[in-house]
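Observations on chain architecture
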Amino acid sequence: MASGEYPKDLKYTKDHEWAKQTGKTVVVGVTHHAQEALGDVVYVELPKLGTAVKAGERFGTIESTKAVSDLFSPITGKVVKVNDDLSGNPQKVNQEPYTGGWIIEVETTGAEFDALMDSAAYLKLLAG
Amino acid sequence: MSPRQTPLNAAHRKLAGRLVDFAGWEMPVQYTGVIAEHEAVRTAAGIFDVSHMGEIEFKGPGALAAANALITNDLAKATDGQAVYAGLLNDQGGFVDDVVAYRFSPEHIFICVNASNADKDFAWMSERARGVKPVNRSNDWAQLAVQGPKAFGIVQRLSPKPLDGVATYRFTTGQVAGIECIISRTGYTGEDGFELYCSPKDADKLWWAILEGGKADGIVPAGLGARDSLRTEMKYALYGNDIDDSHTPLEAGLGWIVKMDKGDFVGRAVLEKQKAEGLKRKLVGFELTEAGIPRAHYPILKDGQNVGEVTSGTMGPSVKKAVGIGYVPTALSAEGSQFAVEIRGRPVAARVVKTPFYKR
């Protein structure tokens, strides 16, 4: 697997979410590996704005043609944006997992972000 | 126990199929993606390996009568070269399996059964059959389904046999790509096409010949994922999901495969009683009118009460809606009836609609 599929400016979780710091907020999505394993994504159940999320806890659901999977938040905080575009175009998670397929943006309080895996560590995890 | 492999296992690996254990068989769930494969079958053609399906044969004088007494449809009214969809029922009128029975002649009946049920069906038929005993031929046949608007042309170009006369649910025998086949105008997708039965040793050659011969028409290999979304859009029942040993064909909306006037068959008495007393529940097709996707086993709610269960559901790639199939009380079965599907603890509104969901 090409390392280009796991950008170096992102952090990663063992549940195959990515997180990207942008000032006071963190944008969250699922990794290339996750979208490939899921297959065609057909529905993303998003949290409401203002929802409190906790690191390692479920914040939504992602459904592919065959499977239903939970989404886990990499960090603790409050949801300040959700990607509404996914309700009409859930396939963006497959097509552009790190850009148009982002899922939520969280205003974070905790320090969990720094403890997340970098791309090298995540690649190692994938290699098993 | 490791899953069994069909004679096309090497082909699936070569095509980078994602293999999963299905009913004890290692089968491809997808190659490139479920939606792309689904759309190829609706607009061009797809080829499916369905070699895991079982085949049971009745041969010799009395074969027709022996087989006919076990199934709900009427092989006596069919002609030679015709296939019928039928229920194989238990004494309570529930499905042991749903099958396609091929009438070669009154002395030769060939029955295609579900992979997961093949051994159970064979035992059940052996125990109940009168006159002629069935033979389990499941290991002697591979099966490929070629489905889609381009399927007819692809198969015809590879066969010296004129296939125009082989209408829907008719079959013939002859060569395809030089391989002797049962050529059946049947399928499980809602599209035109064929199911081809051949010797397992020839299956790999037939598979690649069809893929090559259909290349210009856009044929793709298609997996179980597309097979499921295609059949769900047609509301075709899947054994183990929509029908099983505790549901009758009348409840499943399959009254048309039950021929009450044909004489006795296993399960008939219960169906007669259900007809006289009316049905308590029915299998309906519905669409969600709020966001979400229905999935098998989700509860169906009415006024907060659990009144039924979803048996199949998907985001229909062609109908572009979240559609489902499920059992509801008869009072909620009419088109337009409203209820909710409980999705992860949340009621999501649904409405009964006309089926098939997809119309060509």
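Structure: above.
Anyway, here's the lowdown on the structure attached to this text. Note that this is a predicted model, so its numbers are computed, not measured. (Residues numbered from 1 in each chain as written. Chains lettered and ligands numbered in written order. Predicted model: local features only at pLDDT ≥ 70, side-chain atom pairs only at ≥ 80, totals over all residues. Heavy atoms only, no water.)

Below, the discussion takes up the interface of chain A and chain B. Listed as interface residues are 15 residues of chain A and, on the opposing side, 18 residues of chain B. For the pair chain A and chain B, the summed buried surface comes to about 1,300 Å²; carbon and sulfur atoms form 46% of the total. When the buried surface of chain A facing chain B is broken down by residue, A:Y43, A:T65 and A:K66 rank first, second and third, together holding 38% of it. Across the contact surface, chain A and chain B share five salt bridges. Among the salt bridges present, the one from B:R344 reaches A:E63, with a minimum N-O distance of 3.1 Å. Taken together, the elements giving at least two residues each to the side of chain A that touches chain B come down to α1 (32-38), β4 (41-45) and β6 (58-64) of chain A. Top contributing element to the side of chain A that touches chain B by residue count: β6(A), with four residues. Counted by class, the side of chain A that touches chain B contains five nonpolar, four polar and six charged residues. (Contact = heavy atoms within 4.5 Å. Buried area = accessible area lost by both parts, 1.4 Å probe. Salt bridge = Lys/Arg side-chain N within 4 Å of Asp/Glu carboxyl O. Helix = DSSP H or I, 4+ residues; strand = E, 2+ residues; numbered from the N terminus. Nonpolar A, V, L, I, M, F, W, Y, C, P; charged D, E, K, R; others polar.)

Its location among the elements puts B:M1 in the segment before β1 (4-5). Along the sequence, B:M1 and B:G24 sit 23 residues apart, while their C-alpha atoms lie 8.6 Å from each other.

What follows covers the side chain of B:N90. As for its position among the elements, B:N90 is in the loop between β6 (82-89) and β7 (95-105). Leaving out residues up to four positions away in the same chain, B:N90 has contacts with B:V96, B:W124, B:D245, B:V266 and B:G267.

In this section: helix α4 (residues 118-128) of chain B. Residues three or four positions apart in an α-helix share a direction because the helix packs 3.6 residues into each turn. All names here are of chain B. All of the buried residues along α4 are A118, D121, W124 and M125. Down the axis, α4 shows its buried residues gathered within 130 degrees of arc, on one side only. Those residues of α4 that are exposed and aimed more than 90 degrees away from the buried face are D119 and E127. Where α4 is buried, its residues contact β5 (54-59), β6, β7 and β8 (108-113). (Buried < 20%, exposed > 50% of the residue type's maximum accessible area, 1.4 Å probe, protein only. Arc of directions from axis to C-beta.)

On to the layout of surface pockets, then. There is about 380 Å³ of room inside the second largest pocket. As for the second largest pocket, its lining consists of 18 residues, and the residues nearest its centre are A:V42, A:S87, A:G88, A:P90 and B:M315. Counting only elements with at least two residues in the lining of the second largest pocket, the list comes to β4 and α2 (85-88) of chain A together with β17 (305-316) of chain B. Taken together, the residues of the lining of the second largest pocket sort by class into eleven nonpolar, five polar and two charged. (1 Å grid on protein atoms, 1.4 Å probe; cavity = no way out; pocket = protein on both sides within 12 Å on 5 of 7 lines; lining within 4 Å. Points joined across faces, edges and corners; volume = space filled by probe spheres on them.)

With that settled, consider the packing of helix α2 (residues 34-43) of chain B against helix α7 (residues 224-233) of chain B. A pair of packed helices can be characterised by two numbers: the angle between their axes and the separation between those axes. Residue and element names in this part refer to chain B. The N-to-C vectors of α2 and α7 enclose an angle of 55 degrees; their axes lie 8 Å apart at closest approach. One element, α2, and the other, α7, form an angle in the oblique class. Read as a crossing pair, α2 and α7 show a hand that is right-handed. In this structure, α2 contributes V34, E37, H38, V41 and R42 to the contact, and α7 contributes G225, A226, S229, L230 and E233. Residues that form the contact of α2 with α7 fall into these classes: four nonpolar, three polar and three charged. (Axes fitted to C-alpha atoms, helices over the stretch in contact; angles between N-to-C directions. Parallel < 35°, antiparallel > 145°, perpendicular 65-115°, else oblique. Left-handed = near helix turned anticlockwise from the far one by under 90°.)

Here the focus is the sheet that holds strand β1 (residues 11-12) of chain A. All names here are of chain A. Judged by pairing direction, the sheet is antiparallel, and its six strands sit side by side in the order β1-β2-β3-β9-β8-β5 without closing on themselves. Across the chains shown, the open sheet's two edge strands, defined by having one partner strand only, are β1 and β5 (52-53). In the sheet, strand β8 (residues 77-82) pairs with strand β9 (residues 104-108) via five bridges, with the strands oriented antiparallel. Counterpart to V82 in the pairing with β9 is I104. (Pairing = 2+ DSSP bridges.)

Let us look at empty space enclosed by the protein. All names here are of chain B. Applying the stated rule across the entire model yields one cavity of 30 Å³ or more. Quantified by volume, the largest cavity comes out at close to 40 Å³. Taken together, M27, P28, Y31, F48, D49, V50, A222, G223, L224 and R227 make up the full set of residues lining the largest cavity. For the lining of the largest cavity, the elements supplying multiple residues, two or more each, are β3 (25-30), β4 (45-49) and α7.

Let us look at unusual backbone geometry. All names here are of chain B. The omega angle of the peptide bond from T355 to P356 is 0 degrees, so this bond is cis rather than trans. Topologically, P356 is positioned in the segment after β20 (346-352). With a phi angle near 55 degrees, K235 is a residue other than glycine that sits in the positive phi range. As for its placement among the helices and strands, K235 is situated in the loop between α7 and α8 (268-277).

The values are spatial; any link to function lies outside them.
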